[in-house]
Amino acid sequence: MSGNDIPKVQSNEGDAGRWNLDPYLNRLAEEAGADMAFRPGADWPSWREGLKERVTSLLGGFPERAALEPVVLERTVLADHIRERIEITTYEGLRMPIYVLLPLDAESNPRPVVMALHGHGYGSREIVGLEPDGAERSGPPGLHKDFALELARRGFVVAAPELLGFGDRRLAEDLEGDPKKSSCHLLALHLLMSGRTLAGYRVYETMRAIDYMQTRTEADPDRIGCMGISGGGLVASFASALDERIGAAVVSGYANTFEDSILTRSHCIDNYVPGIMREARMADVIGLIAPRALLLEAGSEDRVFPLEGAKRAYAALQQIYEAAGAKDRLEADFFAGGHEISGRIAYEWLARQLGNAEK
């Protein structure tokens, strides 16, 4: 057929609609299939082990553990807790700072541990009561609500790692500007080109922080929880799914469906795990936490991870937890608020799941 033989359509104002990409993208999402999505009647143990293996692979896999080589960077004794900043090795050649918050009597009275995972902002300082420059907080705490500090004041030993790409762990070109500007985009691109993911790095580094906390005499190594918001909710979800040392997890402002959240807007690239939708729904990944305890937090006005999607994820999780014989270990706090920590239920819930932090 020559160019002159190609059928011609009269141009009109509706042409733009013919090139709308939305239907095509929606079809791709539908065709992704989620082949390993949990279905009622499936053999739960086999499903769980198979999906854990696939999720680990999609994240880029994890290396052999390097020596931690911890170093104390700071130690400050405050009125109601001790704040330390520790540095450890995560990947070979990569170091990560962690704020460790200790009740004053934890040395003689080991407490349960909570891994506190911040979202987008200026890093771990934002959840331990500090300003970006390390000064004590003078203004409002924002969406994170200083939740690591709140946990410490309730008697938990708290570890708040500086997630890769935030705070002091940004690329040099980002360090001189807005302290809330992350290095997520370029870091993720570099990792993707080498077959790795930013989500995978943050999950594995959280596991390494757990390795470290299990060496602390103030911490009970058998009572470990996790709490994360937004991007930290992603890390809390995946880390808790893959690391069974975590006995209870609070996922705030993240649990949803991919279709209702990640695919509806231009999210930070740290949310994207190549090929994940071919294997599972978001609820399936989070459901790997079963039969361990899980609490979801979702705000009624959250525009980033909308409430309706959170409720759909919760319904899918109920099926998974029932199959695991643990339906009483799944709870939700659907609260009046936005994309933020609630804490209305979470702090006391963690105390119940991990054992009273005041013991």
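Predicted model, so just to flag it, every value in this text is computed and none were measured.

Thresholds, definitions, all that
- Residues numbered from 1 in each chain as written.
- Predicted model: local features only at pLDDT ≥ 70, side-chain atom pairs only at ≥ 80, totals over all residues.
- Heavy atoms only, no water.
- Pairing = 2+ DSSP bridges.
- Helix = DSSP H or I, 4+ residues; strand = E, 2+ residues; numbered from the N terminus.
- Axes fitted to C-alpha atoms, helices over the stretch in contact; angles between N-to-C directions.
- Contact = heavy atoms within 4.5 Å.
- Polar contact = N/O pair within 3.5 Å; in protein donor to acceptor, adjacent residues only side chain to side chain.
- Core = buried A, V, L, I, M, F, W, Y, C linked by side-chain atoms within 4.5 Å.
- Buried < 20%, exposed > 50% of the residue type's maximum accessible area, 1.4 Å probe, protein only.
- Patch = residues over 30% accessible without salt bridge, like charges linked within 9 Å, V, L, I, M, F, W, Y side chains within 5 Å.
- Areas by Shrake-Rupley, 256 points an atom, 1.4 Å probe, with all protein chains shown as cover.
- Salt bridge = Lys/Arg side-chain N within 4 Å of Asp/Glu carboxyl O.
- Parallel < 35°, antiparallel > 145°, perpendicular 65-115°, else oblique.
- Left-handed = near helix turned anticlockwise from the far one by under 90°.
- Nonpolar A, V, L, I, M, F, W, Y, C, P; charged D, E, K, R; others polar.

Sheet strands pair by backbone hydrogen bonding; their relative direction is either parallel or antiparallel. Strand order in the open sheet made by the nine strands is β1-β2-β3-β5-β4-β6-β7-β8-β9, with mixed pairing throughout. Of all strands in the sheet, those with a lone pairing partner are β1 (71-77) and β9 (330-335), marking the two edges. Strand-to-strand twist across the sheet, computed as the mean angle between neighbouring axes with direction ignored, equals 20°. In the sheet, β1 pairs with strand β2 (residues 82-89) via six bridges, with the strands oriented antiparallel. Across the sheet, V77 pairs through a bridge with I82, a residue of β2. Where helix α8 (residues 231-242) meets the sheet, it contacts β4 (111-117), β6 (219-229) and β7 (248-252), and its direction lies at approximately 140° from that of β6. Here helix α12 (residues 346-354) sits on the sheet in contact with β4, β6, β7, β8 (293-299) and β9, set at roughly 160° to β7.

This part covers the side chain of E218. Looking at the secondary structure, you find E218 in the loop between α7 (198-213) and β6. Within the local environment of E218, its side chain forms a polar contact with the side chain of R216, the two groups lying 3.0 Å apart. Those residues within four positions of E218 in sequence are excluded, and the remaining contacts are L102, A106, E107, P110, R111 and V157.

As a rule of thumb, soluble globular proteins bury nonpolar side chains together. One finds V55, M115 and L294 to be the most contacted residues of the largest nonpolar core, which totals 81 residues. If near-sequence neighbours (up to four positions away) are discounted, M115 is found in contact with A159, T206, A209, I210, M213, I224, G225, C226 and M227. Formed by 26 residues, the second largest nonpolar core is a distinct cluster that contains V158, I229, A293 and A346.

Side chains of L21, Y24, L25 and L28 sit close together on the surface and give an oily, nonpolar patch of about 400 Å² of accessible area. Along the polypeptide, Y24 turns up in helix α2 (residues 22-32).

Next up on the list: the packing of helix α3 (residues 44-58) against α8. The geometry of a pair of packed helices is captured by two quantities: the angle between their axes and the separation between those axes. It is the contact of α3 with α8, at a shortest axis distance of 10 Å, that shows an interaxial angle of 130°. For the element pair α3 / α8, the angle class is oblique. Note that α3 runs across α8; the crossing there is left-handed. Contacts between α3 and α8 involve K52, V55 and T56 on the former and, on the latter, F238, A241 and L242. For the contact of α3 with α8, a count of residues per class yields four nonpolar, one polar and one charged.

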